[in-house]
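Each chain, letter by letter, is given below.
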Amino acid sequence: MKEKFLVINADDFGLSYESNVAIASLLCNDYISSASLMANGPAFDEAKELIRQKQLQDIGIHIVLTRDYFGVKKPENALLYKSLTEAPSLYDSDGNLFCRSEDLNQCARHEEVIREVSAQIELVMNSTNVTHIDCHMHSLWPKMGFGGYKAIMQAYSSCCKDRTPRYIRIAKSYYNCLPFNYVWGGRRIKPYLYLQMHLLNLRGPDFCFSFPYYALSDYTLD
């Protein structure tokens, strides 16, 4: 029988002080397997310092190209993240990252996406030992389709040759609590991903389950 592994990953490391404290506490107490760090998160520097102080391991890269828009009526209430490369095509008319990945897909220039993703990868890799890469709010996949997958592979191949990470959180199947299910779609995407992951010696999960936020309290770093 094929050996199976369960990985419990907490993303949005670097989002805020509260998120950083909660994720660091979970990692320190072995309640989760890993965490994914936002290079352009508002609390990135704090997260980097916690990684150093607590000697946290199993840290990945959380690629962020869109800002959170939790169903609020006014986009100005959404959380803001910057573009490390200040790429014009990644910004909306207000000079912020797009809320919707559909808008990103329509406006973003492929070369600017690659430069931004590469910059985020490099910043995190220069801050800690990296184990994996995943994606924030469907910034790159599946909403951007073939272009999103191609951008991450091109950025990865230029930044990560002969270096970690070796795992990428592109799943063959995906479920969340709605539930929503897809398998790598398209006659172009599936063979392209298989080939690129083979050439780059990358591994991905067979299934990915996503769970929503829950309000928890009493997180402390003892």
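To be clear, the structure that these remarks concern was listed above.
Across its full length, the protein chain holds six helices and eight strands. When burial is assessed residue by residue, the protein chain has 45% of its 222 residues classed as buried. Residue pairs at least 24 apart in sequence account for 72% of intrachain contacts in the protein chain once pairs closer than 6 positions are excluded. A total accessible area of about 12,700 Å² is found for the protein chain, and carbon and sulfur atoms account for 52% of it.

Another aspect to go through is the environment of glutamate 18. With respect to the element layout, glutamate 18 can be found in helix 1 (residues 17–28). For the pair glutamate 18 and alanine 43, spaced 25 residues apart in sequence, the C-alpha to C-alpha distance is 9.5 Å.

What follows is about the side chain of histidine 136. With respect to the helices, strands and loops of the structure, histidine 136 is situated in the loop between strand 4 (130–135) and helix 5 (145–159). Here aspartate 12 takes part through its side chain, which lies 3.1 Å from a polar atom of the side chain of histidine 136.

To continue, consider helix 2 (residues 44–54). Three or more residues of helix 2 are buried, namely Phe44, Ala47, Leu50 and Ile51. Seen from one end, helix 2 has its buried residues packed into an arc of 120°, which puts them on one side. Exposed residues lying more than 90 degrees from the buried face of helix 2 are Asp45 and Arg52. On its buried face, helix 2 is in contact with strand 1 (9–13), helix 1, strand 2 (34–38), strand 3 (59–63) and helix 4 (110–125). A positive backbone phi angle near 50° is found at glutamine 55, which sits one or two residues after helix 2.

Unusually for a residue other than glycine, glutamine 55 sits at a positive phi of about 50°. Here glutamine 55 shows up in the loop between helix 2 and strand 3. In this structure glutamine 55 comes out as exposed when scored by relative accessible area, which is 63%.

Rules used in this analysis
- Residues numbered from 1 in each chain as written.
- Predicted model: local features only at pLDDT ≥ 70, side-chain atom pairs only at ≥ 80, totals over all residues.
- Heavy atoms only, no water.
- Helix = DSSP H or I, 4+ residues; strand = E, 2+ residues; numbered from the N terminus.
- Buried < 20%, exposed > 50% of the residue type's maximum accessible area, 1.4 Å probe, protein only.
- Contact = heavy atoms within 4.5 Å.
- Areas by Shrake-Rupley, 256 points an atom, 1.4 Å probe, with all protein chains shown as cover.
- Polar contact = N/O pair within 3.5 Å; in protein donor to acceptor, adjacent residues only side chain to side chain.
- Arc of directions from axis to C-beta.

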